[in-house]
Structures are given as C-alpha cells and as structure tokens.
Amino acid sequence: MPTRIYYFSGTGNSLYVARMLAKGLGEAEVVPIPQAILQPPAAPAERIGFVFPVYMWGMPLIVERFCRGIQADSSAYCFGVVTCGGSAGGTLAQLEQTLASRNLTLAFGAVVQMPGNYTPLYGAPSETTQRKLFNQATLRLNAILEDLHASRRGQVDRGSWFGRTVMSGFVYRFGSRHLAAGDVKFFADERCNSCGLCAKVCPVGNITLQNGKPAWQHRCEQCMACLQWCPQEAIQFGPRTAGRRRYHHPESNAGHFMLR
Ligand SMILES: Cc1cc2nc3c(=O)[nH]c(=O)nc-3n(C[C@H](O)[C@H](O)[C@H](O)COP(=O)(O)O)c2cc1C
Ligand code: SF4
Ligand code: SF4
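What counts as what
- Residues numbered from 1 in each chain as written.
- Chains lettered and ligands numbered in written order.
- Predicted model: local features only at pLDDT ≥ 70, side-chain atom pairs only at ≥ 80, totals over all residues.
- Heavy atoms only, no water.
- Near = heavy atom within 4 Å.
- Nonpolar A, V, L, I, M, F, W, Y, C, P; charged D, E, K, R; others polar.
- Pairing = 2+ DSSP bridges.
- Helix = DSSP H or I, 4+ residues; strand = E, 2+ residues; numbered from the N terminus.
- Phe/Tyr/Trp six-rings, centres within 6.5 Å; stacked < 30°, edge-to-face > 60°.
- Axes fitted to C-alpha atoms, helices over the stretch in contact; angles between N-to-C directions.
- Parallel < 35°, antiparallel > 145°, perpendicular 65-115°, else oblique.
- Left-handed = near helix turned anticlockwise from the far one by under 90°.
- Contact = heavy atoms within 4.5 Å.
- Domains from an automatic or database assignment.
- Buried area = accessible area lost by both parts, 1.4 Å probe.
- Salt bridge = Lys/Arg side-chain N within 4 Å of Asp/Glu carboxyl O.
- Polar contact = N/O pair within 3.5 Å; in protein donor to acceptor, adjacent residues only side chain to side chain.
- Buried < 20%, exposed > 50% of the residue type's maximum accessible area, 1.4 Å probe, protein only.
- Right-handed = clockwise from strand over helix to strand, strands pointing away.

**Student:** Explain the site of ligand 2 to me, please; I cannot follow it from the model alone.
**Tutor:** Neighbouring ligand 2 are Cys 192, Asn 193, Ser 194, Cys 195, Gly 196, Leu 197, Cys 198, Pro 214, Cys 230, Pro 231, Gln 232 and Ile 235. For the shell around ligand 2, the residue count by class is 8 nonpolar, 4 polar and no charged.

If you want it as structure tokens, here you go:
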C-alpha cells in the first residue's frame, strides 16, 4: 500500500522513527511538514502517517496548523506515532480530533519514548540511558510495524484522563500560546563565530543574521534545532543552558534539517 509519512523533527528522534517506519512498511515516502506546507504533495496516498515530537503534552503548533489544513481522501488509513521524553498526555487524542475536523479518521496511534531534548529544563541523558532508550524504541517500533502491517484500527493511545484534561487540555492550551514569542529568551554568547548554521536549520525561518549574529523573529516553534545544532554550543535559552549537554539523535546530522 503506497504510504506517505509526514514528519516534524528538531533533533532527529522523530526523523529516525519516520525513516524506520518507512523502511519497515516499504513503498513509503517521508515528507518533512515544513516542506509540505510550502509545497503540498499532489499525488494521493492510501496510507498516511504523522510522526512528530510531543511539545508541552500536545502537538507542535506547526503540526497542528498542517493537519488542520490537510487535503486527503477520507478513506485513507491514517496513523500517528509521537516521540516524547516520557509523557505524551493526550497528544494523540488531539491529533485524532484535528484530523476529524478534516473528515479523516486516526486508525492507529502510538507513543515512542526517546531522549528528551528540552535543554531549557535539562541536559541530554547519559550515553547509557540513551542506549537503553534506543533499544526499547527499536522493540516498540517493531511492534508498531506489526500493527501497521495488519492495518489495525481503533487502537489509539489517548493517554489518561488527567493527561488529556489537565496536561494536554489546560497546560498545553495556555502554555502553547507563549511558544512563538518565547524565543526572546534565546541569545548567542561570545562563542558564536557567525557560521549561519542556526538560520539554516530553523524549520520556519525564524532566525535572521544581523551583523553576523542570530536574531530571533518571534514565530518560534521551540523545536530546539538552533540550540542543539550550533557547532559552538553558543546558543543559550535563559540563564541555565550554558553548561548543559546538547542532544541530537546519533543518526542525524545538521544537513537533515536544512529544509528551506
Ligand atoms: C518545546 C518542547 C516541549 C516538550 N514537551 C514535552 C512533553 O510535554 N512531554 C515529553 O515527554 N517530552 C517533551 N519534550 C521532549 C520531546 O518530545 C522529545 O525529546 C522528542 O523526542 C524530540 O523529538 P525530535 O528529536 O524529533 O525533535 C519537549 C521538547 C520540546 C523541544
Ligand atoms: S550556529 Fe552558532 S556559531 Fe553559527 S551563527 Fe548560529 S549561533 Fe553563531
Ligand atoms: S528559532 Fe530555533 S527553536 Fe525556534 S523554530 Fe527556529 S530552530 Fe526551532
């Protein structure tokens, strides 16, 4: 069955998952959501996947916007796989509702735990912890692939009542409003050598270089790509990120994120 997997990723976890699912399913293309927004694929797909990280117990705003406008045949088999650092809340329930507004049914939805990448709160986990998470993720992906091969329906991990109502409802609804302008906390420290990579990896063109230094334009998705991919570790978010270990998935490189 021809499959299209739309993905969003700042540091490679979701990109890895999207690629592994495409490989396991066969006859599948992997399309970055920032690119699909600018140039929607013309050909229809029989099976459509959505793979993205959990942000504040919900969908990244760019993914929500994309799904709200997606054009697809209502008979398409839709599935979602979200990556998170430990708690997805009701993210898949949100995806389900968003797709329903386009007359699409989310047939299958699963969560895969990966290393967390939100450096404003914590540094990258140790190598040992990362290895353990990747091993668990491989087992999880194999199980997900079995379900997808069987075209399983009615199997969506919607999270607990508390996750859906309090975290994805209340916290996400109020918190996500502040993400775009929250980039005022980003700055480049004295290690910045004006290489320009941060502007190139930003999925939404939110960074311009002014006098060789990055300037954030307040339409941020908070994906952390700029902070994590800066080769000098010069990008900080508030006062506490300077000494924190950066993170990206070991099978990703900055080139995978230069989409524009
Ligand atoms: C802005 C932001 C918010 C996040 N919120 C959550 C969250 O609510 N729950 C969680 O388990 N992980 C959270 N994370 C961690 C990511 O979901 C996780 O590391 C994900 O796998 C990153 O995927 P990527 O490498 O494809 O960007 C958050 C990360 C970011 C950048
Ligand atoms: S990637 Fe880092 S070093 Fe390069 S311009 Fe941006 S902040 Fe400066
Ligand atoms: S400015 Fe940085 S955190 Fe914000 S969307 Fe661009 S790359 Fe992601």
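The discussion continues.
**Student:** I keep staring at the sheet that holds strand β6 (residues 155-156) and nothing clicks. Help me out?
**Tutor:** Strand pairing in a sheet relies on backbone hydrogen bonds. The paired strands run either parallel or antiparallel. Spatially, 6 strands are ordered β2-β1-β3-β4-β5-β6 in an open sheet, and the strand pairing comes out parallel. The open sheet has two free edges, formed respectively by β2 (28-32) and β6, since each of these has just one partner strand. Taken together, the 5 bridges between strand β1 (residues 3-7) and strand β3 (residues 47-53) define a ladder with parallel strand orientation. Paired with Thr 3 across the strands is Arg 47, a residue of β3.

**Student:** I keep staring at the packing of aromatic side chains and nothing clicks. Help me out?
**Tutor:** The relation between two aromatic rings is expressed through the spacing of the ring centres and the mutual angle of the planes. By the definition in use, this model includes 7 aromatic pairs. Joined through ring pairs, the aromatic side chains of Tyr 6, Phe 50 and Phe 66 make up one cluster.

**Student:** Help me understand the packing of helix α3 (residues 61-69) against helix α4 (residues 91-100) in this model?
**Tutor:** Helix packing geometry: the angle between the two helix axes and the distance between the axes. Running from amino to carboxyl end, α3 crosses α4 at an angle of 30°, the nearest separation of the two axes being 8 Å. Between α3 and α4, the angle falls in the class roughly parallel. Viewed along their axes, α3 and α4 form a crossing whose handedness is right-handed. Across the interface between the two elements, Glu 64, Cys 67 and Arg 68 from α3 touch Gln 94, Leu 95, Thr 98 and Leu 99 from α4. For the contact of α3 with α4, the residue count by class is 3 nonpolar, 2 polar and 2 charged.

**Student:** Can you walk me through the domain arrangement of the protein in this structure?
**Tutor:** Put simply, an interface is often sized by how much accessible area is lost when its parts join up. Here the protein is described as being made up of domain 1 (3-176) and domain 2 (179-257). Here the C-alpha centroids of domain 1 and domain 2 sit 23 Å apart. Across the contact, 35 residues belong to domain 1 and 24 residues belong to domain 2. Considering only the side of domain 1, the residues that lose the most area to domain 2 are Thr 11, Thr 119 and Pro 120, jointly responsible for 23% of the buried surface there. Where domain 1 meets domain 2, there are 2 salt bridges. Counting every contact that joins domain 1 to domain 2 gives 14 residue pairs in polar contact (both at pLDDT 80 or more). Secondary structure elements with two or more residues in the side of domain 1 that touches domain 2: α1 (13-25), α3 and α5 (127-149).

**Student:** Explain the pairing of strand β4 (residues 77-84) here, please?
**Tutor:** Along any regular strand, the residues point their side chains to alternate faces of the sheet. Judged by how many residues are buried, β4 sits mostly within the fold: 8 of 8 residues are covered. Here β4 shows two buried faces, one formed by Tyr 77, Phe 79, Val 81 and Thr 83 and the other by Cys 78, Gly 80, Val 82 and Cys 84. Of the strand pairs in this sheet, β3 and β4 are connected by 7 bridges, and their pairing is parallel. Across the sheet, Phe 50 pairs through a bridge with Gly 80, a residue of β4. Each parallel crossover has a hand, and for β3 linked through α3 to β4 it is right-handed. Relative to strand β5 (residues 106-113), β4 is paired through 7 bridges, and the arrangement is parallel. Counted as the bridge partner of Phe 79 is Phe 108 from β5. Regarding the hand of the β-α-β motif, the stretch spanning β4, α4 and β5 is right-handed.

**Student:** I tried to follow unusual backbone geometry on my own but got confused; where do I start?
**Tutor:** The phi angle of most residues is negative, glycine excepted, and most peptide bonds adopt the trans form. Despite not being glycine, Glu 27 has its phi angle at roughly 50°, a positive value. Along the polypeptide, Glu 27 turns up in the loop between α1 and β2. For Glu 27, a relative accessible area of 60% corresponds to the exposed category. The phi dihedral of Asn 103 is positive, around 65°, even though this residue is not glycine. As for its position among the elements, Asn 103 is in the loop between α4 and β5. Of the residues examined, Asn 103 reaches a relative accessible area of 57% and is grouped as exposed.

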